[in-house]
Amino acid sequence: MVRRVESELGPISILVNNAGIMESVTLEEFDEAKFRRMMDVNLMGAIYTTLEALEDLKSTRGVIVNVASNAGIGTALQGTTFYAVSKAAVIALTRRLAFDLAPYGIRVNAVAPGWVETDMTVGGRDAEALRSFFRSRSMLRMTCLPRHVAAAVLFLASPDSEYVTGQVPVADRGGSDSLTPRLQAGGGRPGPPPLNPPRRPGRPRARSSSPTPSPAHATQPPPTPTHTRTSSEHARR
């Protein structure tokens, strides 16, 4: 693959390690074959491709962008622990390569997306139900599409980020608040974050300085802000 790119386009100056898979592997039903497959594709794929392109990247003072996942930082989704392990390894690889390759002028960064709607991630399931679930777990209440991740990759690969290396920006609609499990009533499973913050108790007003003091009155707490969706917050399919 690398040799074909070189023959058609010349020396490689930008390498994006984007190949990745996810298998549901739990502690109770650990499947070593599935785990090894994730490590082979998600981690070793990035390592082998980087090694093959390394001489070109040195000669061009190039850029490497790895596609990791917010799972590598930690999420509350069940059944993704060993997928998270593979992506945490990609994040560690990114930071170590940034250190090792800095003398050659090579920048190495990664992007850590959350759930991105693709044919693979939907996998024949109810797409709208998945969108609703992941919107409820994010600040922006929107669906992440491939173009959103591509924009972050493009920035890290461009001269606009020439001062950035060893970094892993998270692109997940503000979904990192889901790192802390919130248990649904009686369900024992992580639930979506509350939309509204708890009310604060009111504080009494100061007493009047007039000769006949008026009774103290408790101020009303400010209205609880609510999140109103607008059409611009919904990503188009």
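Residues numbered from 1 in each chain as written. Predicted model: local features only at pLDDT ≥ 70, side-chain atom pairs only at ≥ 80, totals over all residues. Heavy atoms only, no water.

**Remarks on the overall build of the chain**
The number of helices and strands found in the chain is 6 helices and 4 strands. When the elements of the chain are put in sequence order from the N terminus, they spell out α-β-α-β-α-β-α-α-α-β. Considering the chain as a whole, with its 237 residues, one finds that 37% of them fall into the buried category. Taking the intrachain contacts of the chain between residues at least 6 apart in sequence as the baseline, contacts between residues at least 24 apart amount to 70%. For the chain, the computed accessible surface area is about 14800 Å², with 57% contributed by carbon and sulfur atoms. (Helix = DSSP H or I, 4+ residues; strand = E, 2+ residues; numbered from the N terminus. Buried < 20%, exposed > 50% of the residue type's maximum accessible area, 1.4 Å probe, protein only. Contact = heavy atoms within 4.5 Å. Areas by Shrake-Rupley, 256 points an atom, 1.4 Å probe, with all protein chains shown as cover.)

**Things to note about the pattern of salt bridges**
In this structure the tally under the stated criterion is 6 salt bridges. Linking E6 and R3 is a salt bridge whose minimum nitrogen-to-oxygen distance equals 2.7 Å. Of this pair, E6 and R3 both sit in helix α1 (residues 2-9), 3 residues apart, which is roughly one turn of that helix. Using a relative accessible area of 23% as the deciding quantity, one classes E6 as partly exposed. Judged by its relative accessible area of 45%, R3 falls in the partly exposed class. (Salt bridge = Lys/Arg side-chain N within 4 Å of Asp/Glu carboxyl O.)

**Some words on unusual backbone geometry**
In this model, R61 sits at a positive phi of 50 degrees, which is unusual for a non-glycine residue. When you line up the elements, R61 lands in the loop between α2 (32-60) and β2 (63-67).

**A short note on a nonpolar patch on the surface**
There is a patch of nonpolar side chains on the surface, built from M1, V5 and L9 and spanning about 360 Å² of accessible area. Its place among the elements puts L9 in helix α1. You can call L9 exposed: its relative accessible area is 70%. (Patch = residues over 30% accessible without salt bridge, like charges linked within 9 Å, V, L, I, M, F, W, Y side chains within 5 Å.)

**Regarding the sheet that holds strand β1 (residues 14-17)**
The 4 strands lie next to each other as β1-β2-β3-β4, forming an open sheet whose pairing is parallel. Each end of this open sheet is capped by a strand with a single partner; those strands are β1 and β4 (170-171). As defined by bridge partners, strand β3 (residues 107-113) adjoins β4 across 2 bridges and the pair is classed as parallel. If you follow P113 over to β4, its bridge partner there is A171. Each of β2 and β3 touches helix α3 (residues 81-101); the most contacted strand, β3, lies at about 160 degrees to it. Across the sheet, helix α6 (residues 146-157) is in contact with β1, β2 and β3; its angle to β3 comes to roughly 165 degrees. (Pairing = 2+ DSSP bridges. Axes fitted to C-alpha atoms, helices over the stretch in contact; angles between N-to-C directions.)

**A short note on α2**
With 29 residues, α2 extends 39 Å between its outermost C-alpha atoms, agreeing within 8% with the 42 Å of an ideal straight helix rising 1.5 Å per residue. Taken together, the buried positions of α2 are F35, M38, M39, N42, L43, A46, T49, T50, A53, L54, D56 and L57. On the buried face of α2, the contacting elements are α1, β1, β2 and α3. The N-terminus of α2 is capped by D31, whose side-chain oxygen sits 3.1 Å from the backbone nitrogen of A33. Backbone geometry just after α2 places R61 at a positive phi near 50 degrees. (Expected span 1.5 Å × (residues − 1). Polar contact = N/O pair within 3.5 Å; in protein donor to acceptor, adjacent residues only side chain to side chain.)

**Here we look at the packing of aromatic side chains**
Overall, the coordinates contain 3 aromatic pairs when judged by the stated rule. Between F30 and F35 the ring centres are 6.0 Å apart and the planes differ by 55 degrees, which places this aromatic pair in the tilted class. Through successive ring pairs, a cluster of aromatic residues spans F30, F35 and F82. (Phe/Tyr/Trp six-rings, centres within 6.5 Å; stacked < 30°, edge-to-face > 60°.)

**A closer look at the confidence of the model for the chain**
Caution applies to low-pLDDT parts of the model: their predicted coordinates are not meant to be read in detail. Model confidence for the chain is summarised by a mean pLDDT of 78, while 72% of its residues fall at 70 or above. A low-confidence stretch, residues 180-200 stays under pLDDT 50, and its non-local contacts, those more than four residues away or across chains, total 38 contacts. The model gives residues 204-237 a pLDDT under 50, and that stretch makes 38 contacts with residues more than four places away or in other chains. (pLDDT = per-residue confidence, 0-100.)

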